[in-house]
Amino acid sequence: MTEPTPFEATDGKTHLSYELLTTSALSSSAPVRLDRVDVMDAGTHQVIGSLSGQALAEAANPVGNPLPGADAYTPAPPAPTPTVIQGSQQWIIWLDLTLDHGREAPEVLEHRLSGAVLTPSGPSAFEETVQATPTARTAPLNLTPPVLPGTWYASESCCGNTHHRRGLAPINGRFDVPQRFAIDWYRVGEQGQAWEGDPTQLTSYLSYRQPVAAAAGGRVVEVQDGIPDNPPPHAPPIPPIEDTVGNHITLEVAPGRYLLYGHLHPGSINVREGDCVEPGQVLALIGNSGNSTTPHLHFQVMTTAEFFPTDSPPFTFRQFRVLGQVEPRIWDDNLGLQPTGVLPITPSPYEGPHRAQYPLDREVLEF
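Residues numbered from 1 in each chain as written. Predicted model: local features only at pLDDT ≥ 70, side-chain atom pairs only at ≥ 80, totals over all residues. Heavy atoms only, no water.

## Quick word on the overall build of the protein chain
Helix and strand content of the protein chain: one helix and 25 strands. Relative to the compact-globule value of 21 Å for 367 residues, the protein chain shows a C-alpha radius of gyration of 21 Å, a close match. Taken along its principal axes, the extent of the C-alpha atoms in the protein chain is 65 × 45 × 40 Å. Counting over 367 residues, the protein chain shows a buried share of 55%. Considering only intrachain contacts with a sequence separation of at least 6, the fraction spanning at least 24 residues in the protein chain is 74%. Counting every atom, the protein chain has about 15300 Å² of accessible surface; 51% of that belongs to carbon and sulfur. Across the protein chain, the centroid of the 20 positively charged side chains sits 4 Å from that of the 40 negatively charged ones. (Helix = DSSP H or I, 4+ residues; strand = E, 2+ residues; numbered from the N terminus. Rg over C-alpha atoms; globule rule 2.2 N^0.38 Å. Buried < 20%, exposed > 50% of the residue type's maximum accessible area, 1.4 Å probe, protein only. Contact = heavy atoms within 4.5 Å. Areas by Shrake-Rupley, 256 points an atom, 1.4 Å probe, with all protein chains shown as cover. Lys, Arg positive; Asp, Glu negative; His and termini not counted. Charge placed at Lys NZ, Arg CZ, Asp CG, Glu CD.)

See the structure below:
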């Protein structure tokens, strides 16, 4: 579904995050029990990552939304252990591999699946090596901040069970994960607050109407404006697909690489299609338009000028400082429902300066 691209994150390790689709072509009377998935270097056949037991159950689910009435970007709950794929089912396995600092990612990956076919006469073991997958040789974009200097909360970034990382989207007859490495940015105050006062008021949120900036030089290729901000703090109705990211700007910054700024404040966009921008140039203000519950900036790199369909490759920031982390999953849909607007920020093992790295989920950092 993507070309796995190695990137370095704030833990100092090299990460590879991608997906493996598995389909059982057997009849309903012969489900498949998947016991283990090994990811190997295709050149040396050395195992670089494995999933089994509960870890595999939490990283695999049937294609299709298992939550009745939920939207397509709600993370699936963990499947029961063991992982059993029924006949004619297709499952997605979310692979998030980490390699120790300094260890290069293999040029080609291969995948060894082992388990058993559960026949009426008893289980029949199998082991198959499948899907040789080249990794990308081009380094991720190394960007300047998409927001102005200050303290910011990086929500729903890679690599856990978030709506960005595990948002599978069927568009035009194919599957994509269009937000794999997207980050939602929230401004944080001196007391660790993301909002103060009345959470039903847009102006209570420190992110609201904060400027966003060009994270690289490039050309404006798409602008959408005129969508009103949603009133917080409850999730709005899901908008039409073309309004998912609300008012937004798309910059082309390299061949096949685009920056998306989503959920902008209506009327605040000060660039037009065709404009050329410089790094750090203010583009617009943060709002709460589109599929957004509380004001934040949705930022990501895309492989196309359109959000649907697109692929979501990783990126890094040239320099920033990690200040701490937030343990509970506080994100767009529940930020305004917290008892107070103060984030429960705790120390991070990765505190301090970072260069050319990707912020991991729920880190608090300073640009």
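Here the narrative resumes.
## Describing the confidence of the model for the protein chain
The predicted model of the protein chain averages 94 in pLDDT, with 96% of residues at 70 or higher. Counting contacts from residues 67-72, a segment whose pLDDT is below 50, to residues more than four positions away or on other chains yields nine contacts. (pLDDT = per-residue confidence, 0-100.)

## Considering the nonpolar core
Counting residues in hydrophobic clusters, the biggest one holds 38 residues, and the most contacted among them are Trp 185, Ile 249, Leu 251, Leu 259, Tyr 261 and Phe 299. Among the secondary structure elements, those contributing two or more residues to this core are strand E11 (151-155), strand E14 (183-187), strand E17 (247-254), strand E18 (257-264), strand E20 (282-285), strand E21 (297-302) and strand E22 (315-326). Of the residues forming this core, the biggest block, four residues, is contributed by E22. Counting residues in hydrophobic clusters, the runner-up holds 23 residues, among them Leu 16, Leu 20, Leu 34 and Ala 59. (Core = buried A, V, L, I, M, F, W, Y, C linked by side-chain atoms within 4.5 Å.)

## Remarks on the state of the cysteines
Each disulfide is one covalent bond, formed between the sulfur atoms of two cysteines. Applying the stated criterion to the full structure yields one disulfide. Two residues share a disulfide in this structure: Cys 158 and Cys 159, whose sulfurs sit 2.2 Å from each other. Residues Cys 158 and Cys 159 are joined by a disulfide whose S-S torsion is about 105 degrees; by sign, that bridge is right-handed. (Disulfide = S-S within 2.5 Å.)

## Quick notes on the sheet that holds strand E2 (residues 14-23)
Pairing is antiparallel in the open sheet, where four strands are placed in the order E1-E2-E7-E5. Edge positions in the open sheet fall to strand E1 (7-8) and strand E5 (60-62), since each of these has one partner strand only. Bridge count for E1 against E2 is two bridges, and the pairing is antiparallel. Bridging from a neighbouring strand, Glu 8 pairs with Thr 14 of E2. (Pairing = 2+ DSSP bridges.)

## Let's talk about the environment of Thr 162
In this fold, Thr 162 is placed in the loop between E11 and strand E12 (169-171). You can call Thr 162 buried: its relative accessible area is 1%. Each C-alpha atom, one on Thr 162 and one on Thr 250, is 23 Å from the other, the two residues being 88 residues apart in sequence. Of the polar contacts made by the side chain of Thr 162, one reaches the backbone nitrogen of Arg 165; its length is 3.1 Å. (Polar contact = N/O pair within 3.5 Å; in protein donor to acceptor, adjacent residues only side chain to side chain.)

## Some points on the pattern of salt bridges
Pairing is possible between side chains that carry opposite charge, provided their charged atoms lie close to one another. Under the counting rule described, the total for this entry stands at 11 salt bridges. Asp 38 is the partner of Arg 36 in a salt bridge, and the nearest nitrogen-oxygen pair spans 2.9 Å. Relative accessible area serves as the criterion here: at 34%, Arg 36 is assigned to the partly exposed category. With a shortest N-O distance of 2.9 Å, Arg 112 and Asp 38 are connected by a salt bridge. (Salt bridge = Lys/Arg side-chain N within 4 Å of Asp/Glu carboxyl O.)

## A closer look at unusual backbone geometry
Omega for the peptide link from Cys 158 to Cys 159 comes to 20 degrees, which places this bond in the cis form. For the bond from Phe 308 to Pro 309, the omega torsion is -10 degrees, close enough to zero to count as cis. Within the chain, His 263 stands out as a residue other than glycine whose phi angle is a positive 70 degrees. Here His 263 is to be found in strand E18. Phi at Ala 356 takes a positive value of approximately 50 degrees, unusual for a residue other than glycine. Following the sequence through the fold, Ala 356 ends up in strand E24 (residues 352-357).

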